[in-house]
Amino acid sequence: MTDDFNEFDDDLQSKSQLKRDAEAQQALGEKLIAMPAGKLAKIPLDEELLDAILLAQRIRNKREGFRRQRQLVGKMMRVRDTAPIEAAVSELEQAHSQQTALFHQLEQFRDAIIANGDEAIQEFIDAHPQADRQKLRQLHRQIVKQQQTGKPPAAARELFKYLREVAAHD
C-alpha cells in the first residue's frame, strides 16, 4: 500500500510548482509577443497560437484588450509542448548575443588600429589572415589625416565596415 502512495505522490506537483510553471509559460508568451514578425517566422508555432500572438501585437495600444490577449496567449502556451518553442527562442537569443560580441570585438580592433597603427593591424591579420594589410594601412593613414585636419571620421567608419566584411567571410 505504501508503494502505491509513493507512485501517486510522484505524479503530483505542488500548487507552487504549477504556479511557477504557468508563470514561465506566460513569460515565454510575453517574449513571443515582443518579437518582430521575422523572428516569429523562425519559431515552430501552430497557426492558432501564431494568430493569437499577431493579434496581441496589433492591439498593443488597447490597454485592457492587450492584457486579456496576453493572458490568452499564456493560457494557450500552458496546454502546448513548449520545449521546441523555448529551444528556438534560446537559439535566437544566442545568435543575437554572438553578433553583439562580434560587434564589440570589431570595435576594439578598430580603436586599436586607430591608436596603434601597424601593430594592431598585424594583430587583426593574425586573427583574420584573409584581410588586406595594404587596405588597412591605407585606411589608418586616412584616419590620421582626417583627425589632424579635424574632418569627420569617414575613414574610421569605412575601416569598421571593412573589418565587419572581413569577419563575415570567416
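Taking an unreviewed UniProt entry as the reference, the protein chain is identified by name as Dual-action ribosomal maturation protein DarP belonging to Pseudidiomarina aestuarii. According to UniProt, the comment filed for the protein chain under the heading Function (unreviewed entry) is "Member of a network of 50S ribosomal subunit biogenesis factors which assembles along the 30S-50S interface, preventing incorrect 23S rRNA structures from forming. Promotes peptidyl transferase center (PTC) maturation."

K.L.:
It is not clear to me how the packing of aromatic side chains should be interpreted in this structure. Could you clarify?
P.N.:
Note on aromatic pairs: each is described by the distance of the centres and the angle between the planes. Using the criterion set out here, one finds two aromatic pairs in the structure. Measuring from ring centre to ring centre gives 5.1 Å for Phe103 and Phe160, while their planes differ by 75 degrees; the resulting arrangement is edge-to-face. In this pair, Phe103 sits in helix H6 (residues 83-116) while Phe160 sits in helix H9 (residues 154-168), placing the two residues 57 residues apart along the sequence. The class for Phe103 is partly exposed, based on a relative accessible area of 35%.

K.L.:
What's the story with the pattern of salt bridges in this structure? I'm lost.
P.N.:
Within the structure shown, the criterion is met by eight salt bridges. One salt bridge connects Arg80 with Asp46, and the closest N-O pair in it is separated by 2.5 Å. Of this pair, Arg80 sits in the loop between helix H5 (63-78) and H6 while Asp46 sits in the loop between helix H3 (37-40) and helix H4 (47-58); the two residues are 34 residues apart in sequence, bridging distant segments of the chain. Here Asp46 falls in the partly exposed class, since its relative accessible area comes to 32%. Of the charged contacts, one joins Glu48 and Arg80 as a salt bridge, the two residues approaching to 3.0 Å between their closest N and O atoms. Placement of Glu48 in helix H4 and of Arg80 in the loop between H5 and H6 is noted, with a sequence separation of 32 residues between them. Judged by its relative accessible area of 54%, Glu48 falls in the exposed class. Residues joined by salt bridges that share partners form a network here, namely Asp46, Glu48 and Arg80.

The rules behind the values
- Throughout this document, residue positions are counted from 1 along each chain, in the order its sequence is written.
- Given that this is a predicted model, residues contribute local features only at a pLDDT of at least 70 and side-chain atom pairs are listed and counted only at 80 or more, while totals for whole chains, interfaces and linings are drawn from all residues.
- Side-chain descriptors were evaluated using all non-hydrogen atoms of the structure, hydrogens and water having been removed beforehand.
- UniProt positions are given in the numbering used here, feature names are shortened, and annotations may be inferred rather than shown by experiment.
- Note on aromatic contacts: the rings of Phe and Tyr and the six-membered ring of Trp form a pair at centre separations within 6.5 Å, being stacked when their planes are under 30 degrees apart, edge-to-face when over 60 apart, and tilted otherwise.
- Numbering of helices and strands runs from the N terminus, with a helix taken as a DSSP run of H or I at least four residues long and a strand as a DSSP run of E at least two residues long.
- The buried label applies to any residue whose accessible area, calculated with a 1.4 Å probe on protein chains only, is under 20% of its type's maximum; exposed applies above 50%, and partly exposed to all values in between.
- Salt bridge criterion: a side-chain nitrogen from Lys or Arg within 4 Å of a carboxyl oxygen from Asp or Glu.

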